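So the chains spell out like this:
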Amino acid sequence: MIALVCVLLAVAGPPRVEGRVYEPGGAGTASAEVTLAQGARIQVVRTAADGSFRFRAFEGDGTLSVRLPQGWIAAGALTRQVGPALRGDVIRADFSARARRVLRGRLLVGGRPLGNVRLSAAGLSAQTDGQGRFTLAGLPAGSVEVRLEAPSLSARVELPSGPADLSRDVGLAVPALSSLRLRAVPHDVERRPLGDWISGKPLSDRQIATIERLAALANLDAGFRLVMAVRPSDVARGAQAAVLLQRYLTGPALVPRGRVLFSVAEFARAGHLELILARMNEPEIR
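Residues numbered from 1 in each chain as written. Predicted model: local features only at pLDDT ≥ 70, side-chain atom pairs only at ≥ 80, totals over all residues. Heavy atoms only, no water.

Draft legend 1. Quick look at the overall build of the protein. The helix and strand inventory of the protein stands at 4 helices and 23 strands. In terms of overall size, the protein is more extended than a compact globule, its C-alpha atoms giving a radius of gyration of 30 Å where 286 residues would be expected to give roughly 19 Å. With the C-alpha coordinates of the protein rotated into their principal frame, the extents come out at 100 × 50 × 30 Å. For the protein, with 286 residues in total, the buried portion stands at 40%. Pairs at least 24 apart in sequence give 65% of the contacts found in the protein among residues at least 6 apart. (Helix = DSSP H or I, 4+ residues; strand = E, 2+ residues; numbered from the N terminus. Rg over C-alpha atoms; globule rule 2.2 N^0.38 Å. Buried < 20%, exposed > 50% of the residue type's maximum accessible area, 1.4 Å probe, protein only. Contact = heavy atoms within 4.5 Å.)

Written out as structure tokens, the structure is:
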């Protein structure tokens, strides 16, 4: 038996230490510098395109350390003890990293910048400046939804698997009222010039009463929606006005955010933002 063990040890090759440097759920980190130190013996390799590395190690303990290339940041410890390694052993050690992806651009509605609004993407958020410019850093790879928090509009942006610093305008699409599964509820419609909203002109007592009456009705039933509608030609300025009206509706008027929509409608009066009470259509029973 002892002789057999000796034969197996003689045949077995030196230990190997291998692993991968990669973004969890994403791509490998190419060209990372990986060092294996075993006492005075030091080996250094670069990771392959898929982030993999391999060493023919010496017997005994060792320390693995990773130096990431530019554009990558650590997502965990970059140093690890390995071993003790014996002949024939294969020791696996993976390291997590995260590519630094930055999206810079302007938020557009109807081809015009939408300033001073809050947007979010992949759990991150940012505020646009007066010209609609924003910066989001730390985004994941792949298709990412950029969402305007109020009113609820969104667009998708494709981000690469590796580090990136993209400059890209993000255009938000506004749905047509006819495409929404809604039907208008007979009731008063509040109609106000876009310029009054954008300039910050105070609401009249009549306007406050009408808006609060519509808000109270929307709060009565989860099937109700308050629709802020503008003509297609007014969509850019209408979005600015809708931001201000939604702040009022979901703030002092206490309407849940999900019950407020923004859309374009041919019947809306030119130069005005209209607030309409509507109900979700019941699903068809088959």
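Let us keep going from here.
Draft legend 2. Molecular detail of helix H3 (residues 205-220). In a regular helix each residue adds 1.5 Å, so 16 residues correspond to 22 Å; H3 covers 23 Å between its end C-alpha atoms and thus fits that length. Turning to H3, its buried residues number three or more, namely Gln207, Thr210, Ile211, Leu214, Ala215 and Ala218. The buried side chains of H3 occupy one side of the element, clustering within an arc of 130° when seen end-on. For H3, the exposed residues lying more than 90 degrees away from the buried face are Asp205 and Leu220. Structurally, H3 contributes buried residues whose contacts are with strand E20 (190-193), helix H2 (194-199), strand E21 (224-230), helix H4 (235-250) and strand E23 (272-280). (Expected span 1.5 Å × (residues − 1). Arc of directions from axis to C-beta.)

Draft legend 3. Spotlight on the packing of aromatic side chains. Counted by the stated rule, this structure contains 2 aromatic pairs. When the ring of Phe53 is compared with that of Phe95, the centres are 6.4 Å apart and the planes differ by 40°; the resulting orientation is tilted. Here the residue Phe53 occupies a position in strand E4 (residues 52-56), and Phe95 occupies one in strand E9 (residues 95-99), the gap between them amounting to 42 residues. Here Phe53 matches Phe95 in class, with each residue buried. What links up through ring pairs into an aromatic cluster is the set Phe53, Phe55 and Phe95. Positioned above the aromatic ring of Trp197, the side-chain terminus of Arg192 is 4.6 Å from the ring centre. (Phe/Tyr/Trp six-rings, centres within 6.5 Å; stacked < 30°, edge-to-face > 60°. Lys NZ or Arg CZ within 6 Å of the ring centre and 35° of its normal.)

Draft legend 4. Structural detail: the sheet that holds strand E5 (residues 60-67). A sheet is described by the order of its strands in space; here 4 strands give the open sequence E3-E2-E5-E7, paired in antiparallel fashion. In this open sheet, the two edge strands, each paired with only one partner strand, are strand E3 (41-46) and strand E7 (79-85). When strand polarity is set aside, the average angle formed by the axes of neighbouring strands in this sheet is 20°. Note that strand E2 (residues 33-38) and E3 share 6 bridges and pair antiparallel. Bridge assignment links Thr35 to a residue of E3, and that residue is Val44. (Pairing = 2+ DSSP bridges. Axes fitted to C-alpha atoms, helices over the stretch in contact; angles between N-to-C directions.)

Draft legend 5. Structural detail: the sheet that holds strand E16 (residues 153-159). Read across the open sheet, the 4 strands follow the order E13-E12-E15-E16; overall the sheet is antiparallel. Of all the strands in the sheet, the pair left with one neighbour each is strand E13 (124-127) and E16. The sheet shows a mean angle of 25° between the axes of neighbouring strands, direction not considered. Examined bridge by bridge, strand E12 (residues 118-121) and strand E15 (residues 142-148) share 2 bridges and lie antiparallel to one another. Across the sheet, Leu119 pairs through a bridge with Leu148, a residue of E15.

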